[in-house]
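# Architecture at a glance
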Amino acid sequence: MEKDQHIEFKPEKKVKKEPKKGSLLKDLIDGTFLTREKVLKQIPFVLFLAFLAILYTANQYQDEKILRKSVALQDTIKELRSEEITIASDLMYNSKQSEVLKTINDKGLGLEESTAPPKKIVIKKKDFE
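Small disclaimer: the values here were computed from a predicted structure and weren't measured.

The next subject is the overall build of the chain. For the chain, the count of helices and strands is four helices and zero strands. Its helices and strands taken in sequence order, the chain reads α-α-α-α from the N to the C terminus. Taken across its 129 residues, the chain has 3% of its residues classed as buried.

In structure tokens form, the structure reads like this:
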């Protein structure tokens, strides 16, 4: 070989292989479908869609949790309202004059009912000027 002899290398042309129409199922099964250039370019978008799906699912779970808590609180409110009505009714019954008198006599406190009407106490205001 001579020193002056130049050897040129020609780059090989990449030939894009078009998949056969019948081989799509085979490509899906063996995974070569995922190595295609068009699919590789779409990976960021697919990952973004997967992130949105996860976010949507988490939001649904959070909404259901809040709804269950709201229903439980509404049930508690109904129970407390009925309890409040019962207690108010008992208080009104027990604060009647006849019931108060009966309770005093039962407990033997030695108190008597006043027969004189109450008197009004009037205090005159002094001018402090």
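So much for the structure itself; the text now carries on.
What the rule picks out here adds up to two salt bridges. For Glu-99, the salt bridge identified is with Lys-102, shortest N-O distance 3.5 Å. Highlighted residues: Glu-99 and Lys-102, both in helix α4 (residues 97-107), separated by three residues, approximately one helical turn.

Turning our eyes to something else, we now look at the confidence of the model for the chain. Looking at the chain, pLDDT values average 85 and 88% of them are 70 or higher. The lowest-confidence element of the chain is helix α1 (residues 24-30), averaging 76 in pLDDT; the highest-confidence one is helix α3 (residues 43-94), averaging 96.

Each value, and the rule that gives it
Residues numbered from 1 in each chain as written. Predicted model: local features only at pLDDT ≥ 70, side-chain atom pairs only at ≥ 80, totals over all residues. Heavy atoms only, no water. Helix = DSSP H or I, 4+ residues; strand = E, 2+ residues; numbered from the N terminus. Buried < 20%, exposed > 50% of the residue type's maximum accessible area, 1.4 Å probe, protein only. Salt bridge = Lys/Arg side-chain N within 4 Å of Asp/Glu carboxyl O. pLDDT = per-residue confidence, 0-100.

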